[in-house]
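Descriptive analysis of the structure
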Amino acid sequence: MTQTIGIIGSGLVGKAVAHLAVAAGYHVVIGNSRGPESLAALVEELGPLARAGTVTEVITAGDIVSIAIPLAAFESLPASQFVGKVVIDHTNYYPDVGGFRQTDLDRAALTSSELMQRHLPGANVVKGLHNLGWIHMQHNARARGDVERTTLPIAGDNHGAKGVVARFIEDIGYNVVDAGLLADSWRIEPNTPIYFWPYAPAIPGHLSEDEAKRLYRQSASPLSPTAARKLIETAERPSPVGGTLEGLPPVHVALFLELASAETVKS
Ligand SMILES: NC(=O)c1ccc[n+]([C@@H]2O[C@H](COP(=O)([O-])OP(=O)(O)OC[C@H]3O[C@@H](n4cnc5c(N)ncnc54)[C@H](OP(=O)(O)O)[C@@H]3O)[C@@H](O)[C@H]2O)c1
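These notes cover the structure that comes with them.

Rules behind the numbers
Residues numbered from 1 in each chain as written. Predicted model: local features only at pLDDT ≥ 70, side-chain atom pairs only at ≥ 80, totals over all residues. Near = placed C-beta within 6 Å. Helix = DSSP H or I, 4+ residues; strand = E, 2+ residues; numbered from the N terminus. Nonpolar A, V, L, I, M, F, W, Y, C, P; charged D, E, K, R; others polar. Buried ≥ 20, exposed ≤ 12 C-beta atoms within 10 Å, placed from the backbone. Arc of directions from axis to C-beta. Contact = placed C-beta atoms within 7 Å.

1. Some details on the site of the ligand
Around the ligand, the surrounding shell holds 24 residues, and the nearest of these are Gly9, Gly11, Val13, Ser33 and Thr91. Broken down by element, the shell around the ligand gets its largest block of residues, 3 residues, from helix H1 (residues 12–23). Looking at the shell around the ligand residue by residue, the class counts come to 11 nonpolar, 12 polar and 1 charged.

2. Focus on helix H9 (residues 225–233)
For H9, every residue scored as buried is listed here: Ala228, Leu231 and Ile232. Projected down its long axis, H9 shows its buried positions confined to an angular sector of 100°, all on one face. Away from the buried face of H9 by more than 90 degrees, exposed residues Thr226 and Glu233 are located. Lining the buried residues of H9 we find strand E7 (151–156) and strand E8 (175–178).

3. Observations concerning the environment of alanine 141
Along the chain, alanine 141 turns up in the loop between helix H6 (134–139) and E7. For the pair alanine 141 and glutamate 189, spaced 48 residues apart in sequence, the C-alpha separation works out to 20 Å. Ignoring any residue separated from it by four or fewer positions in sequence, one finds alanine 141 in contact with Leu20, Ile172, Gly173 and Tyr174.

Printed below as a string of structure tokens:
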């Protein structure tokens, strides 16, 4: 049976997941806070397997509901509508970006996906497809059996839900390893070894702007499941908690922002 992915959030990550899902033959229902009318161009670009909906329609239609909104907006998600749903949580905590701070996250009492699960008690939340940039999400995806296929981690408290999400991520182009429970998911949060860098090509400083942009759109060397497990096992709990753009090579920040704004303008 063809499955439907409901995607809440139509920004960089929502769009990347939608493109990967339709390419793998999934139906997509996508929504944002501005309403389905704002998504006409995106839906046309995605093709006949996709449609836009309200957030309620997205949740109702989704066999899996993908949460691709800023973590700061998590409390706007209508918890009662999520009962029994399998959720993929793509969100990450970036306290420096957007000014959202949460005490339980800051003192490492909760992981960000535990916070999401606490807000959606009737859902089965699985953290996944969160640890690589939207552009690398698209460019690292490879079919099963491809030697260049890389590996992504998931974490969650419900075994069945993890199986459902793993199958989806495998279908759209990745091997999957289990990083444990949501309480363990700090091992795959920002500033851990498996976050971002294993999927981003290195950009040598001497490249021209055009060469750097071209390279940024390529995949990195693939990470085997064994290598991915090792990165997860060797992680140390980051302190302070949360991602930051500080300290990133300027070329990465510039490319990320420029390509992101080009993508935003396109929609
Ligand atoms: N950017 C990346 O490379 C990347 C990679 C991995 C994970 N992530 C994480 O994924 C999440 C999304 O990132 P992004 O870069 O895609 O952000 P983005 O480009 O800013 O898109 C966010 C989307 O969420 C929608 N939205 C915001 N509040 C909403 C609400 N209350 N209800 C419904 N829709 C809402 C926004 O549309 P409206 O304003 O129209 O509602 C927009 O479509 C973040 O938590 C981020 O940390 C990002």
